[in-house]
Amino acid sequence: MEEKEQFFLEIYNLGIIKFGNFTLKSGMNSPIYIDFRPIASRPDLLIKLSDLLLHEVPSYDFELICGVPYAALPIATTLSLRSKIPLIIKRKENKGYGTERMIEGIYKIGQNCLIIEDVITSGDSLLKTIIDLEKEGLIIKNIMSILDREQGGIENIKKIGYNIRTLFRIGEVFKILKKKSFLKEKEIHMIQFFIKNNIKNIQNKRISYEEKKEKISHPIGKKLIDITLKKKTNLIVSADLIETKKILKLVSLIGDRICGLKLHVDIINDFSYSFINYLKNISIKKNFLLLEDRKLCDVSPTNCLQLHYGIHKISSWADIVTAHVLAGSMSIQNLNIPYHMGLITISEMSSYGGLSDDNYIRKVLNISLKNPKVIGTVAQRKVDDRLLLFTPGIHFYEKKNNLGNRYIHPVQAFEKNESDFIIVGKAIFQSENPKITAEEYRNAGWKAYENGL
């Protein structure tokens, strides 16, 4: 403990703590700002810090080291040199040139990676790094933070199943500085006020469906939430079947347990309007919405034609339709979407090795928020509360199949990504008893939602 105290006093003299009025990366307001970047100019202190961090790691069962970009990068680099364990570099965003990779370095699927974070507040930036590394097939067992601001970040990360340790806690740091008379009277009062009002284990709890409904403006989004609350189900079943008879049989079994049915009408061999009328009547009777997963992906005039014309005439019966926005924001404008239909954008798919990066996903989310017809988005991460989050690729057995699809457990979707709706396909319609299986997924999804409140 004495060695740690002495080290902190040394780095404190570099000006790593500033007092004033600051907005943190997490969006929180704070009277203090902690910045470890000046340590990068002191190789001797970087070495001391890396040795202290290594001492805290339970064992050397990791094969790679990665720092959360960018403040933790020099610390991770020094740690790599001291431990002789390879470093990989996580980019904040894809630059659009060169290799266009988010993770730089030499690594293999299945390797364990130690993540280094400098300051943890809510844990959001750390979680983004975890998600990107796991997308590459890396395993995250251990995470080290230099300082925990004790504002819920550590608890949030532990809650979703990761082992995280911290070298210092903010309360401990204040005691060290006060004991050494390093703080002025004004700063002490500011810190005491901060401790009293801000240092709590404030875990990032998801907002309820009722609260979400207040943030959603589109009537279809509100209707979907109303159905979800009334039936206590956030399950959408993907009926990727090619015969109308099999789809109707499936719906008769599971209709009471779902809030939505997802279709690909262009794969149905015997599509007809009598089938649509029959299905529409069932959806009204059993109270669920019809989601056509058309994934519109063209310029606005073509998207408009695909939505309203052709053999399927999607706009005449679907409650919701999906769309990519690769062609830009204009591609989902001027579609003459009827009042009773909502749009879901595709920000991120569940396939392994998807090409969408953080930069693209941010752009899709911005476009989604600005379009009043958009009720939500498909993604594998937490999104703005003004959008409903739909998570596909749900399976009780997390795996990657030989077609490149990546599956996650319902609990992971709700606790890690704060999803609103889970989309389950083959796990239900290929099961021996779709009715029982659907009920199992309905229960798992609803319980995971309630546990997050």
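Scoring rules and cut-offs
Starting afresh in each chain, residues are numbered from 1 along the sequence in its written order. Confidence filtering applies because this is a predicted model: local features only for residues at pLDDT of at least 70, side-chain atom pairs given and counted only at 80 or more, and all residues used for totals across whole chains, interfaces and linings. Think of the side-chain values as coming from all heavy atoms in the structure, minus any hydrogens and water. Each helix corresponds to a stretch of at least 4 residues labelled H or I by DSSP, and each strand to a stretch of at least 2 residues labelled E; elements are numbered beginning at the N terminus. The buried label goes to any residue with under 20% of its type's maximum accessible area, the exposed label to any with over 50%, and the partly exposed label to all in between, with areas taken from a 1.4 Å probe on protein chains only. Contact definition: two residues touch when any of their heavy atoms are within 4.5 Å. Computed with the Shrake-Rupley method and a 1.4 Å probe, the accessible areas treat only the protein chains shown as cover for residues. Two strands pair under a simple rule: DSSP has to find at least two bridges between them. Every axis corresponds to a line fitted to the C-alpha atoms, with the helix fit spanning only the stretch in contact, and the corresponding angles, defined between N-to-C directions, vary from 0 to 180 degrees. Buried Ala, Val, Leu, Ile, Met, Phe, Trp, Tyr and Cys residues form a nonpolar core when they are joined through side-chain atoms within 4.5 Å. Salt bridges are defined by distance alone: a side-chain nitrogen of Lys or Arg within 4 Å of a carboxyl oxygen of Asp or Glu. Positive: Lys, Arg. Negative: Asp, Glu. His and the chain ends are not part of the count. Whenever two N or O atoms come within 3.5 Å, that pair is a polar contact, provided that in protein one can donate a hydrogen and the other can accept it, and provided that, for residues adjacent in sequence, both atoms are side-chain atoms. Call a crossover right-handed when, viewed with both strands pointing away from you, the route from the first strand across the helix to the second goes clockwise. For cavity detection a 1 Å grid was placed over the protein atoms alone, and a set of points counts as a cavity when a 1.4 Å probe fits there but cannot get out; an open set counts as a pocket when protein lies on both sides within 12 Å along at least five of seven lines, with lining residues being those that have an atom within 4 Å of a point. Grid points are joined across faces, edges and corners, and a volume is the space filled by probe spheres set on the points. Throughout, the ten residues Ala, Val, Leu, Ile, Met, Phe, Trp, Tyr, Cys and Pro are labelled nonpolar, Asp, Glu, Lys and Arg are labelled charged, and all others, Gly among them, are labelled polar.

Caption draft 1: How the structure looks around the overall build of the chain. Each helix and strand in the chain was counted, giving 16 helices and 16 strands. When its C-alpha atoms are laid out on the principal axes, the chain stretches across 80 × 45 × 45 Å. When burial is assessed residue by residue, the chain has 55% of its 453 residues classed as buried. The long-range share in the chain, meaning contacts at least 24 apart out of those at least 6 apart in sequence, stands at 67%. Within the structure as shown, the chain displays about 20,900 Å² of accessible surface, and the carbon and sulfur contribution to it stands at 52%.

Caption draft 2: A look at the sheet that holds strand E9 (residues 235–238). Taking strand neighbours around the barrel as the criterion, the 8 strands line up as E9-E10-E11-E12-E13-E14-E15-E16 in a closed arrangement whose pairing is parallel. The mean inter-strand angle of the sheet, taken between neighbouring strand axes irrespective of direction, is 25°. Here 3 bridges tie E9 to strand E16 (residues 421–424), and the two strands are oriented parallel to one another. Across the sheet, Ile 236 pairs through a bridge with Ile 423, a residue of E16.

Caption draft 3: Seen up close, unusual backbone geometry. With omega at -5°, the peptide bond leading from Pro 69 into Tyr 70 counts as cis. When you line up the elements, Tyr 70 lands in the loop between strand E3 (64–67) and helix H3 (73–83). Positive phi outside glycine occurs at Asn 334, with the angle close to 55°. As for its position among the elements, Asn 334 is in the loop between strand E12 (320–323) and strand E13 (342–346). In this structure, Glu 418 takes a positive phi of about 55° despite not being glycine.

Caption draft 4: Quick peek at the sheet that holds E3. Across the sheet, 6 strands lie side by side as E5-E4-E3-E6-E7-E8; this open sheet has mixed pairing. Since the sheet does not close on itself, it has two edges, and those belong to strand E5 (103–104) and strand E8 (163–169), each with one partner. Sheet topology note: the strand E6 (residues 112–120)/strand E7 (residues 139–148) ladder contains 7 bridges and is parallel. Residue Asn 112 lies in a different strand from E7, and its bridge partner there is Ile 139.

Caption draft 5: Geometry of the nonpolar core. Ranked by internal contacts, the top residues of the largest apolar core, which has 77 residues, are Leu 235, Leu 261 and Phe 390. Counting 40 residues, the second-largest nonpolar core is a separate cluster that includes Leu 167, Ile 170, Phe 174 and Ile 176.

Caption draft 6: Broad picture of the pattern of salt bridges. The full count for this structure, using the stated rule, is 19 salt bridges. Asp 420 is the partner of Lys 212 in a salt bridge, and the nearest nitrogen-oxygen pair spans 3.0 Å. Taken together, the positions of Lys 212 in helix H8 (residues 209–215) and Asp 420 in the loop between helix H14 (410–415) and E16 put the pair 208 residues apart, joining distant regions of the chain. The exposure class of Lys 212 is buried, given its relative accessible area of 3%.

Caption draft 7: Seen up close, the side chain of Arg 149. As for its placement among the helices and strands, Arg 149 is situated in the loop between E7 and helix H5 (153–159). No salt bridge is formed by the buried Arg 149, whose closest oppositely charged neighbour, Asp 148, lies at an N-O distance of 7.7 Å. A distance of 3.4 Å separates the side chain of Arg 149 from the backbone oxygen of Ile 32, its partner in a polar contact.

Caption draft 8: The arrangement of the pairing of strand E10 (residues 260–263) in detail. Of the two faces of E10, the one carrying Gly 260 and Lys 262 and the one carrying Leu 261 and Leu 263 are both buried. Examined bridge by bridge, E9 and E10 share 3 bridges and lie parallel to one another. Looking across to E10, one finds that Val 237 is bridged to Leu 261. On the question of chirality, the crossover connecting E9 to the parallel E10 by way of helix H10 (residues 244–254) is right-handed. When E10 meets strand E11 (residues 289–296), the two strands line up parallel, connected through 4 bridges. Paired with Leu 263 across the two strands is Glu 292, which belongs to E11. This β-α-β element, E10 to helix H11 (residues 273–286) to E11, shows right-handed connectivity.

Caption draft 9: Here's a closer look at empty space enclosed by the protein. Per the counting criterion, the structure on display carries 1 cavity of 30 Å³ or more. Put simply, the largest cavity is a space of about 60 Å³. In terms of lining residues, the largest cavity is bounded by Arg 206, Ile 207, Lys 212, Lys 382, Val 383, Asp 385, Leu 389, Asn 417, Glu 418 and Asp 420. For the lining of the largest cavity, the class distribution of residues is 3 nonpolar, 1 polar and 6 charged.

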